[in-house]
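Listed below are the residues making up each chain.
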Amino acid sequence: MIAEYFKSKKIVITAGPTYEKIDPVRFIGNYSTGKMGYAIAEELAKLGSEVHLVSGPTALKVQNPSIKLYPVESALQMYDACVNLFPDCDIAIMSAAVADYRPKYYQDVKIKKNEEDLMIHLVKNPDILSALGHAKKSNQIVIGFALETHNELEHAMDKLQRKQADAIVLNSLNDPGAGFKHSTNKISIILKKGTIFEFPLKEKTEVAIDILNCIAENLA
Ligand code: CTP
């Protein structure tokens, strides 16, 4: 069922962190490695999907030569790539850890250590998941991720609603072995209609298969 469903589907996936430049030598980033998104991309490519992987800076290499890689650095670049790709896609899977804010001003020379206090004015980045969720047609599916530290389910359900996603993959930083830096993850998947699926701690490659099975069985 899963192979049949994903064969020749066109899918955009985001992965990794974004870097928001402060000056030529510094940026605001986060600990995302991109492993979860790359694992989903590889699994889909194996199933015969046309995979478009929009990736923030990571140390990972794409293995399957059929995956089209769009390397980006900032949230704005990731947003532009996704908005261009999405209209022709069947499914969007937004697993990137996108920086919520970027410096308002980029300093084109290195900031010197002159002051005791330094303020960096930040402005909100566009929300890619929310933009695609609100733009999606009835034949398109949009999946988001949520990494939470407290009131996990409540926050994930709020994101599902606010960003108009079809499902949210939730992982908690409180679960040992889940989230950033690990090759394992422990997820729950919350569907728009309220159903919740819980999964045990697994390797991210196996988590990718669980996510794809859940899409094929419940959202197709
Ligand atoms: N996301 C996105 N674009 C952004 C911020 C987040 O596409 N600018 C996506 C992520 O890829 C993920 C989901 O939104 O699929 C949840 O991201 P998260 O940072 O947890 O949500 P926020 O809306 O930023 O909520 P908060 O930081 O308040 O928890």
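A brief structural summary. (Residues numbered from 1 in each chain as written. Predicted model: local features only at pLDDT ≥ 70, side-chain atom pairs only at ≥ 80, totals over all residues. Heavy atoms only, no water.)

## Structural notes on the overall build of the protein chain
Next up, step 1: Helix and strand counts for the protein chain stand at six helices and 14 strands.
Next up, step 2: By the compact-globule yardstick of 17 Å for 220 residues, the protein chain fits well, its C-alpha radius of gyration being 18 Å.
Next up, step 3: Overall size of the protein chain, expressed as C-alpha extent along the three principal axes, is 60 × 35 × 30 Å.
Next up, step 4: Out of the 220 residues in the protein chain, the part that is buried amounts to 45%.
Next up, step 5: By sequence separation, contacts in the protein chain at least 24 residues apart represent 62% of the contacts at least 6 residues apart. (Helix = DSSP H or I, 4+ residues; strand = E, 2+ residues; numbered from the N terminus. Rg over C-alpha atoms; globule rule 2.2 N^0.38 Å. Buried < 20%, exposed > 50% of the residue type's maximum accessible area, 1.4 Å probe, protein only. Contact = heavy atoms within 4.5 Å.)

## Regarding the site of the ligand
Next up, step 1: Residues in contact with the ligand amount to 13 residues; listed here are only the nearest, Met94, Ala96, Leu129, Lys159 and Lys163.
Next up, step 2: Between a nitrogen atom of the ligand and a main-chain N or O atom of Ile128, the distance comes to 3.0 Å.
Next up, step 3: Contact between the ligand and Leu129: an oxygen atom at 2.8 Å from a main-chain N or O atom of the residue.
Next up, step 4: Within the complex, the protein chains bury 77% of what would otherwise be the 580 Å² of accessible surface of the ligand.
Next up, step 5: Residues that form the shell around the ligand fall into these classes: seven nonpolar, one polar and five charged. (Near = heavy atom within 4 Å. Polar contact = N/O pair within 3.5 Å; in protein donor to acceptor, adjacent residues only side chain to side chain. Areas by Shrake-Rupley, 256 points an atom, 1.4 Å probe, with all protein chains shown as cover. Nonpolar A, V, L, I, M, F, W, Y, C, P; charged D, E, K, R; others polar.)

## Observations concerning the pattern of salt bridges
Next up, step 1: Evaluated as defined, the whole model comprises nine salt bridges.
Next up, step 2: Residue Glu50 pairs with Lys10 through a salt bridge whose shortest N-O separation is 4.0 Å. Of this pair, Glu50 sits in strand β4 (residues 50-55) while Lys10 sits in strand β1 (residues 10-15), placing them 40 residues apart in sequence.
Next up, step 3: Glu50 gets classed as partly exposed once you look at its relative accessible area, which sits at 35%.
Next up, step 4: Judged by its relative accessible area of 18%, Lys10 falls in the buried class.
Next up, step 5: Here Asp166 and Lys192 are joined by a salt bridge, their closest N and O atoms 3.2 Å apart. With Asp166 in the loop between α5 (152-162) and β10 (167-172) and Lys192 in the loop between β12 (187-191) and β13 (196-198), this pair connects stretches of sequence that are 26 residues apart.
Next up, step 6: Look at Lys192 and you get exposed, because its relative accessible area is 53%. (Salt bridge = Lys/Arg side-chain N within 4 Å of Asp/Glu carboxyl O.)

## Description of the environment of Leu53
Next up, step 1: With respect to the helices and strands, Leu53 occurs in strand β4.
Next up, step 2: Judged by its relative accessible area of 0%, Leu53 is buried.
Next up, step 3: Ignoring anything within four residues of it in the chain, the contact list for Leu53 reads Ile13, Ala15, Gly37, Tyr38, Ala41, Val62, Ile67, Lys68, Leu69 and Tyr70.

By themselves, these observations are geometric and do not establish any function.
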